[in-house]
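Overview (structure and organization)
Chain by chain, the residues:
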Amino acid sequence: MTDHPSCAIEISGLDKWYGNFQVLKNIDLSVAPGERIVVCGPSGSGKSTLIRCINRLEEHQGGSIAVNGISLNDSLKNLDAIRREVGMVFQHFNLFPHLTVRENCALPQILSRGKRRKEAEEMAMHFLTKVRIPEQANKFPGQLSGGQQQRVAIARALCMTPKIMLFDEPTSALDPEMVKEVLDTMVALAEEGMTMIVVTHEMGFARRVADRVVFMETGEIVEADKPTAFFDTPRHARTKNFLASIMH
Amino acid sequence: MTAIDMNPPIGHIESPGPPRPSRRSLIRLFFGDFAASCLTVLTAALLISMIPAVNWAVFDAVWTTDDPSACREGGACWAYIAAKFRFIIFGVYPPQEQWRPLLVMGLVLAMILASLSPRLWGTRLVYAWVVAVAAMLVLMWGGVFGMTAVSTSNWGGLPVTLLLALLSLGLGFPFAVFLALGRRSVLPVPRLLSVITIELVRGLPLVGLLFVASILLPLLLPAGWSIDKLGRTLAALTVFAAAYLAEVIRGGLQGVPAGQIEAARALGIPSWKAVWHIVLPQALQKVIPPLTNTAIVMVKNTSLVLIVGVFDMLSASRVAATDPAWPSPYVESYVFVAMIYFLICFGISNYARWLESRVQARSYR
């Protein structure tokens, strides 16, 4: 995209149901280019579902989503274009276990962008170096630690040169000693100006990196504010309760 | 060597090592309690009861003779196998042309050896197999390059068994993949077609399918049409293999986590490419043991074609045994054929075990 729309992501009036259960209720959220959003909330609050709607891993039933000016509708062309703009990192990494780390990063470029193998592998090594594990390129995901796997997953997403990165609880499945290496990688990415939406319970990360913290509960956005205001002077009782419960 | 080197490291405690089995524990192993004693006695009885069979097969056996009447003693007549070896292996294929099926078997062996390492798996190997199978069929048929034509009704023995097993599995496999994917499709038409095909074929015994293919099919075809009997038999075996392989592959597909497809979608990989490159390889890796099982069953199922008059190795051995010159050596025939089947199936099973350990070693901790 050569033109810069004022919004990287524009969500308005978003509704989503699982059967008769409404998971997302009238969500409005706009994300500016380069903005870093942290989404938090108790489990079942709909935060993962929200970001999974953005690249249509989940289908929404009401409201609208637009990514870099492309509206997410039934057009497969638009969906394809949106998935080019948006990278995603999953809680359980979802690396391809039958492929080496290098192949994990290279094959998607070949399959979805029609890149030449050599070019794709160069790109793979570039981003593996960036997440500081180029020496693991020939190993299989099962041979790496959780933290290393998640960094490979970040490199794999970056290989598609997305403009926006979605992180769905990227550190929740990690052993505690591996959380830092993944968060450091994400901080470095944030410092380069990547637009990011991060669903996480890492409040230290939120305080340090986020431009805005969004608190969700029962499918609604309860409160969204700058981190200092959000953590130090939360306005809503539900936010206060949640913060009290996770800060122990 | 200095004295210092011999000092154990600080904190090292001499370990007594694992306890050694003593004579007493051996007695306990065999006669420790009532169940163990019973098993020991039963096993001993079983071994003793096998003595006549061993005597028959080894000590009283006639190994070499040109005179069939020498075989009337009560021992196994292995000389008969030596005399009928060619017939059991090649059937009624013209003797002066038997270098052709021999070459076919060599080609099969060479291709299998070349396909063992997964490192060589790829489109090139598929093309090589297509060319090799074409060459095998040309060799068997003849009629070109100065080879006399041999009709399929004269094909026989081990080459027929090998060709039927290879082709039914090889042709059935791609069908099976489509059936398995179809059965899991969200689209109703492919799903329904797959379910009907799989359930219909699995609901019929193979013998029934073979009869349908060899007797009913020619009646149903319009006049003037005819398909070779061996071809019809192969079609029945292929459909049968496809239905069973499809269910095995479906099991593998179900074992691939949903996150894999989600990751592929998030990366913008078109869905059929994701199925081909991401889902199928993982699904197949997961079902190596049941795939092996189906392959082994199919190798042995080829022996059923004898009931529709196709001359495979088992048929050949039965015909060989009807030679009145020899004193009805059916048991020897069957033992010999069983050994060949065993070698093939044991080979497949060992290869599959190696393949599985290789996959596990590199992918999972």
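Note: the structure precedes this text.
Everything in this summary refers to the structure shown in the same document. (Residues numbered from 1 in each chain as written. Chains lettered and ligands numbered in written order. Predicted model: local features only at pLDDT ≥ 70, side-chain atom pairs only at ≥ 80, totals over all residues. Heavy atoms only, no water.)

Focus: the overall build of chain B
Test applied: A run of DSSP states H or I qualifies as a helix once it reaches four residues; a run of E qualifies as a strand once it reaches two. Both are numbered from the N-terminal end. The cut-offs for exposure are 20% and 50% of the maximum accessible area for each residue type, with area from a 1.4 Å probe on protein chains only; residues under the lower value are buried, those over the upper are exposed, and the others partly exposed. Throughout, the Shrake-Rupley method with a 1.4 Å probe supplies accessible areas, and for residues the shown protein chains are the sole cover considered. Neither His nor the chain ends is counted toward charge; the positive residues are Lys and Arg and the negative residues Asp and Glu. For charged residues, the charge sits on one atom: NZ in Lys, CZ in Arg, CG in Asp, CD in Glu.
Secondary structure assignment for chain B yields 16 helices and zero strands. Classification of the 365 residues of chain B by burial places 39% in the buried group. Of the roughly 21300 Å² that chain B leaves accessible, carbon and sulfur atoms contribute 71%. Taking the 26 positively charged and 16 negatively charged side chains of chain B as two groups, their mean positions are separated by 13 Å.

Remarks on the nonpolar core
Soluble globular proteins tend to bury their nonpolar side chains together. Residues and elements named next belong to chain B. Rule in force here: Remark: nonpolar core denotes a set of buried residues (Ala, Val, Leu, Ile, Met, Phe, Trp, Tyr, Cys) joined through side-chain atoms within 4.5 Å. Contact between two residues is taken to exist if any of their heavy atoms lie within 4.5 Å; hydrogens are not considered.
Counting 80 residues, the largest nonpolar core has Trp155, Leu164 and Ile249 as its most contacted members. Here the element with the most residues in this core is helix α11 (residues 229-254); it accounts for 13 residues. The contacts of Trp155, once residues within four sequence positions are left out, are Tyr93, Leu137, Met140, Trp141, Val150, Val160, Leu163, Leu230 and Phe311.

Overview of the pattern of salt bridges
Which entries qualify depends on this criterion: Basic side-chain nitrogens of Lys or Arg form a salt bridge, by our definition, when they fall within 4 Å of a carboxyl oxygen of Asp or Glu.
Under the defined criterion, the tally for this structure stands at 25 salt bridges over all chains. Where A:Lys47 meets A:Glu169, a salt bridge forms, and the shortest distance between an N and an O atom there is 3.8 Å. In this pair, A:Lys47 is assigned in helix α1 (residues 47-54) and A:Glu169 in the loop between β7 (164-168) and α6 (176-191), connecting sequence segments 122 residues apart. Of the residues examined, A:Lys47 reaches a relative accessible area of 3% and is grouped as buried. A relative accessible area of 12% places A:Glu169 in the buried class. A:Asp184 is the salt-bridge partner of A:Lys180, the closest N and O atoms lying 2.8 Å from each other. One end of the pair is A:Lys180 and the other is A:Asp184, both in helix α6 and four residues apart, which spans about a single turn. Relative accessible area serves as the criterion here: at 57%, A:Lys180 is assigned to the exposed category. The exposure class of A:Asp184 is partly exposed, given its relative accessible area of 26%. By sharing partners, the salt bridges in this structure join B:Arg183, B:Glu199, B:Arg202, B:Glu247 and B:Arg250 into a single network.

Topic: the packing of helix α3 (residues 101-113) of chain A against helix α5 (residues 146-158) of chain A
All names here are of chain A. How we decide: Angles shown run from 0 to 180 degrees and are taken between the N-to-C directions of axes, each axis being a line fitted to C-alpha atoms and, for helices, limited to the stretch in contact. Any angle that falls under 35 degrees is termed roughly parallel, while one over 145 is termed roughly antiparallel, one within 65 to 115 roughly perpendicular, and all others oblique. Here a crossing is taken to be left-handed if its near helix is turned anticlockwise relative to the far helix by less than a right angle, and right-handed if that turn runs clockwise. Gly falls in the polar group here, along with every residue not listed as nonpolar (Ala, Val, Leu, Ile, Met, Phe, Trp, Tyr, Cys, Pro) or charged (Asp, Glu, Lys, Arg).
As a packed pair, α3 and α5 sit with axes 8 Å apart at the nearest point and diverge in direction by 25°. By the angle between their axes, α3 is roughly parallel relative to α5. The way α3 lies across α5 gives a crossing that is right-handed. Two secondary-structure elements touch here, α3 through Val101, Asn104, Cys105 and Pro108 and α5 through Val152, Ala155 and Arg156. Class assignment of the residues belonging to the contact of α3 with α5 gives a composition of five nonpolar, one polar and one charged.

Details of the sheet that holds strand β2 (residues 21-31) of chain A
All names here are of chain A. To be explicit about the condition: Strands are treated as partners if at least two bridges between them are detected by DSSP.
Ordered by their spatial adjacency, four strands build an open sheet running β2-β1-β4-β5, and the pairing between neighbours is antiparallel. The open sheet has two edge strands with one neighbour each: β2 and β5 (70-71). Here two bridges tie strand β4 (residues 62-67) to β5, and the two strands are oriented antiparallel to one another. Looking across to β5, one finds that Ala66 is bridged to Ser71. Strands in contact with α1 are β1 (9-18), β2 and β4; relative to β1, the strand with the most contacts, it is inclined by about 120°.

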